Every structure is written in C-alpha cells, then in structure tokens.
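So you can see what is in the structure, the chains are spelled out below.
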Amino acid sequence: MAQLIEAVRGMNDIGPDESAPWQHVEQVFRGLMLSYGYREVRLPLVEKTELFKRSIGEVTDIVEKEMYTFEDRNGESLSLRPEGTAGCVRAALQRGWLHQGVQRLWYGGPMFRHERPQKGRYRQFHQLGVEVFGLPGPDIDAENIIITARLWRRLGVAGKVSLQINSLGTPASRARFRTDLVAWLQERAHLLDEDSRRRLTTNPLRILDSKVPETRHLLANAPSLMDYLDDAARAHFAEVCARLDAAGVAWEHNPRLVRGLDYYTYTVFEWVTGELGAQGTVCAGGRYDGLVEQLGGRPTPAVGFALGMERLVALLPAGQVPEADYRPQAYLVMVGEAAERRGQVLAESLRDALPGLRLLAHCGGGGFKSQLKRADKSGAQVALILGQAEAEAGTVGLKPLRGGGGGQQTVPQAQAAQALAALLDG
Ligand code: ATP
Ligand code: MG
C-alpha cells in the first residue's frame, strides 16, 4: 500500500462527530451579529506580506516568527493571514467602505501562525471577529464588550471567563511612558529574559506582555501606564467601565494588559479563563484609532475584537450543544427493489411537505432487521418503513423508536408527511 500522507502539524481536521459544537457557536454568533446590526465580510486568506508588517508591526511575535510567508510564482511576498484586522482595514480602504458612514462588520474563518502546537494553540486556528469603523466614543467600546458577554451567556460559558480591561491612552502619552519604562528596565536589564532584553530597544511595551515568570514578577513594580494617561483617555476609560457596570458586565482593571502594537489606543480588553492552562485568552480586542491612517487612509476611529474558536469550543459545557438538532429525525427503511425505488420518491415528497425535516434515507440495500438497527443507531425518533407489501399497497409504516408515540401505524403514502409531523411534534 502507498504511504499515508498526514496533515501538517498543528493543522487539525474537524470530524463529523466534532463539528456540531462549531456549528452551534457559529450559529449563535451569527444570530447575535444580526441582532446588533453587524454585517458579515468574507476576506482573502492570503494578503501581501507588507500589509501585516505595516499593521501588526515588524517587532511582534507574529511578524517576527509566526507568519507563513512565501513567494508567489511571480516573486511577490505573500502571507497566510495571521489575524483578521489588517485584511479588513485593507479591504475597507480599497473598497471605499469608510466613505459610507459607520461600518459594523464581522468575519470568521481560519488564521495561520507558525507557533509550537499544544492544547489551545495551533498553526491553523479559527477566529470570529468584529471591526467597527467611524465611532470614537466609549459607547461602541462598551457595545463590543457587551456583545461578547452576551455570547458567553448564550453559550453557557459565562461562569468560566472573566474580563480584564485597560487603557493604553494616546500615542503621545504612551511615548512618555515608554521613555520612563525603558529607563526603569535598563537599570534592571540583567534581570530580564533574553527576548525582553532585545525588546528594550525594539518594542519595549511588548515586554509588559511577557509570559516569562521572572520578568512578570519584576514588572510588578515597574512604572504604570495608568499614571501617564491624559484626561481624555481617563474619561474615556471611566465611561467604558461605567457602561459595563450599567450593563451588569463584571470587569477587572489590569494595568499591565497591553497589546504591544503601536496602533492601539485607549481601550484594550481580554476575556480569560483558568480552564485551558497556559492558553487562557479566549477573546481579545480593543481600540485601534491609528491603524487606518497607518495603512494609508484618513484618520478613522476603529475598535474590534477576535475570539479563538478552538478555545471557546473547548470551554462549552457538555450538554450545552443541542446534539439532537444534528441527528436525523426520521430514518427511511426500504426493503426490496420496488420499495427502494418508490422510497426515494416518497422521501422527496416528504422533504417538499416538511422543508426542515432531517430525513436519512437508507442506501445500500440489506434486510429489514439490519436496516432497522441502523435506524435506531442513527438516533432518529421515527423509522419510516417501506417493504414489498407497503410499496404495492401505496402505504408506509411509521414506527416510533424512542418510546412514547405509541406503536407502529400504517398510513397511505399521501398522508405520510402529516402523520410524521404529528409524531415528531408529540
Ligand atoms: P496568545 O497570547 O494566547 O498567544 P494572542 O494575543 O496572540 O494570544 P490574538 O492575536 O489577540 O491572540 O488573537 C485573538 C484570539 O485568537 C486569542 O485570544 C485566542 O483565543 C486565539 N488565538 C490566537 N492564536 C491562536 C493559536 N495559535 N491557536 C489557537 N487560538 C489562537
Ligand atoms: Mg500569540
């Protein structure tokens, strides 16, 4: 036999027994987006490498070491998207969406980062995300966070996640903070891990985000960005927090929460959980008023978030996904050639009459007993039975499989839809 070819490390299949929770999360999210007036965009998985360098920043983990970058056949450097914001801003600029007033957008799909695969961290992973353009006020920051809070409630994970929030202020106040932070860290450079020492000169704010325990410990006494915020940033932050309070969304101020990138301004937030080990961030977002300009547009306020589907699906409580909604409701058993032929026609007429019906029609022949066994195994509530006798008489048997519903009954095929609907309702 030829040698099997395996999937790329860190890139997972979602099998038929695993897809129900994914569909459930997507369906709930899609419903929320509709109800809040956000519209879907579908964007390319591949963009010019330059886009990510200029938006995410040259000195970030993502651009320095995580991107899947390759040369196109014509020599252009392209990258698989590591996140969705850059492509969304690119599209908004290129397609003129920003001239059409406020935009509330959402997207979903795979992202790619060359990280060390482990539980909750993969090389192809999936995000659902939101980007809003054209609104500078704290109202929309709060709306974004309130949406995520509602999503957690709908999915039954609200008790497992908590909200951390911070303000990064303006680029000007951050520059002042940065100067002082660098001075403070330089005196203690010998205590820093190697990555952080390197970042002292390249991207010092990112050090605040270090996952190295010794560095984190040291940082506890470092200057705090909060002390550098100007009045406008303070007021904006206070208003976001007040709105969260009013909406009943609990939050914790984490003054060390940064997102390291130059374009972030004002609000940043993360939803974290203790249930997924080191991969504790389920959702992250914030305001990025500088990015549109950085990518060649007019200054445009913007805010958004992205959540990791793998981590969210892992948090779903057992029983929360309505498994029954993904099982067939009825299984059509057909024994004998005449019945098989007649059965396919009957199945189509049932689908015409009951458009939402989940009907699995047996294929591949076999005896009555073995087909009925499969019907039972499929999880269907009702077996529809078409044997030689029924085919000749123009009838069909309906046999409840899950208790209740009474015994087997036989009805004319023309009344099958009605009888089946009554059984499924009951
Ligand atoms: P982390 O600190 O865990 O590396 P991040 O700050 O790199 O996260 P973001 O770029 O903010 O993550 O992406 C938003 C969300 O996407 C994360 O909160 C997480 O849920 C998810 N995510 C990011 N990278 C991965 C990955 N490699 N595998 C699975 N999910 C991921
Ligand atoms: Mg990361």
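Look up: the structure comes first, before these words.
Residues numbered from 1 in each chain as written. Chains lettered and ligands numbered in written order. Predicted model: local features only at pLDDT ≥ 70, side-chain atom pairs only at ≥ 80, totals over all residues. Heavy atoms only, no water.

## Some remarks on the pairing of strand 5 (residues 103–112)
Reasoning step 1: Among the 10 residues of strand 5, 8 are classified as buried, and the element is accordingly described as predominantly covered.
Reasoning step 2: Pairing of strand 1 (residues 39–40) with strand 5, which is carried by 2 bridges, proceeds in the parallel orientation. Bridging from a neighbouring strand, Glu40 pairs with Trp106 of strand 5. (Buried < 20%, exposed > 50% of the residue type's maximum accessible area, 1.4 Å probe, protein only. Helix = DSSP H or I, 4+ residues; strand = E, 2+ residues; numbered from the N terminus. Pairing = 2+ DSSP bridges.)

## Examining the pattern of salt bridges
Reasoning step 1: Tallied over the entire structure, the rule returns 21 salt bridges.
Reasoning step 2: Notably, a salt bridge pairs Arg104 with Glu143, separated by 3.0 Å at the nearest N-O pair. Of the two residues, Arg104 sits in strand 5 while Glu143 sits in helix 5 (residues 138–155), which places them 39 residues apart along the sequence.
Reasoning step 3: By relative accessible area, Arg104 is classed as partly exposed at 26%.
Reasoning step 4: A residue is classified by how much of its surface remains accessible, and Glu143, at 18% relative accessible area, is buried.
Reasoning step 5: A network of salt bridges, in which partner residues are shared, links Asp61, Glu64, Lys65, Asp195, Arg198 and Arg199. (Salt bridge = Lys/Arg side-chain N within 4 Å of Asp/Glu carboxyl O.)

## Remarks on the site of ligand 1
Reasoning step 1: Close contacts around ligand 1 come from 16 residues, with Arg113, Glu115, Arg121, Arg259 and Thr281 the closest.
Reasoning step 2: In the environment of ligand 1, an oxygen atom lies 3.2 Å from a nitrogen or oxygen atom belonging to the side chain of Lys211.
Reasoning step 3: Note that an oxygen atom of ligand 1 is positioned 3.2 Å from one of the backbone N or O atoms of Val282.
Reasoning step 4: If you list the elements that add at least two residues to the shell around ligand 1, you get strand 6 (124–133), strand 10 (281–287) and strand 11 (302–308).
Reasoning step 5: Within the shell around ligand 1, the residues separate by chemical class into 6 nonpolar, 4 polar and 6 charged. (Near = heavy atom within 4 Å. Polar contact = N/O pair within 3.5 Å; in protein donor to acceptor, adjacent residues only side chain to side chain. Nonpolar A, V, L, I, M, F, W, Y, C, P; charged D, E, K, R; others polar.)

## Topic: the packing of helix 1 (residues 19–36) against helix 5
For any two helices packed against each other, one specifies the inter-axial angle together with the distance between the axes.
Reasoning step 1: Here helix 1 crosses helix 5 at 140 degrees, and the two axes come no closer than 10 Å. Taken together, the axes of helix 1 and helix 5 are oblique relative to one another. As for the relative orientation of helix 1 and helix 5, their crossing is right-handed in sense. Across the interface between the two elements, His24, Val25, Val28, Phe29, Leu32, Met33 and Tyr36 of helix 1 pack against Glu143, Ile146, Ile147, Arg150, Leu151, Arg154 and Leu155 of helix 5.
Reasoning step 2: A class-by-class count of the residues in the contact of helix 1 with helix 5 yields 10 nonpolar, 1 polar and 3 charged. (Axes fitted to C-alpha atoms, helices over the stretch in contact; angles between N-to-C directions. Parallel < 35°, antiparallel > 145°, perpendicular 65-115°, else oblique. Left-handed = near helix turned anticlockwise from the far one by under 90°. Contact = heavy atoms within 4.5 Å.)

## Quick notes on the pairing of strand 11
Reasoning step 1: Most of strand 11 sits out of view: 7 of its 7 residues are buried.
Reasoning step 2: Side-chain alternation along strand 11 places Ala302, Gly304, Ala306 and Gly308 on one buried face and Val303, Phe305 and Leu307 on a second face that is also buried.
Reasoning step 3: Here strand 6 pairs with strand 11 via 7 bridges, running antiparallel. Along strand 11, the bridge assignment pairs Phe133 with Ala302.
Reasoning step 4: Sheet topology note: the strand 10/strand 11 ladder contains 5 bridges and is antiparallel. Paired with Arg287 across the strands is Val303, a residue of strand 11.

## Observations concerning the sheet that holds strand 13 (residues 359–361)
Strand pairs in the sheet, formed through backbone hydrogen bonds, run parallel or antiparallel to each other.
Reasoning step 1: Spatially, 13-12-14-15-16 is the arrangement adopted by the 5 strands of the open sheet, whose pairing is mixed. Two strands close off the open sheet at either side, each with one partner strand: strand 13 and strand 16 (409–412). Taking each pair of neighbouring strands and ignoring which way they run, the sheet shows an average axis angle of 25 degrees.
Reasoning step 2: Sheet topology places strand 15 (residues 395–400) next to strand 16; 4 bridges connect them, and they run antiparallel. Note that in strand 16 the partner of Val396 across the bridge is Val411.
Reasoning step 3: Docked against the sheet, helix 12 (residues 337–353) engages strand 12 (330–334), strand 13, strand 14 (382–386) and strand 15, running at close to 155 degrees with respect to strand 12.
Reasoning step 4: Sheet strands in contact with helix 13 (residues 368–377) are strand 12, strand 14 and strand 15, and its direction is about 170 degrees off that of strand 12.

## Section: unusual backbone geometry
Reasoning step 1: Positive phi, close to 55 degrees, is recorded for Tyr266, a residue that is not glycine.
Reasoning step 2: The residue Tyr266 is located in the loop between strand 8 (252–253) and strand 9 (267–273) in this model.
Reasoning step 3: Tyr266 gets classed as buried once you look at its relative accessible area, which sits at 15%.

## Here's the deal with the state of the cysteines
Reasoning step 1: All told, the structure shown has 0 disulfides when counted by the stated rule.
Reasoning step 2: In this structure Cys88 is not part of a disulfide, and its nearest cysteine sulfur, from Cys283, lies 15 Å away.
Reasoning step 3: Residue classification places Cys88 among the buried positions, given a relative accessible area of 0%. (Disulfide = S-S within 2.5 Å.)

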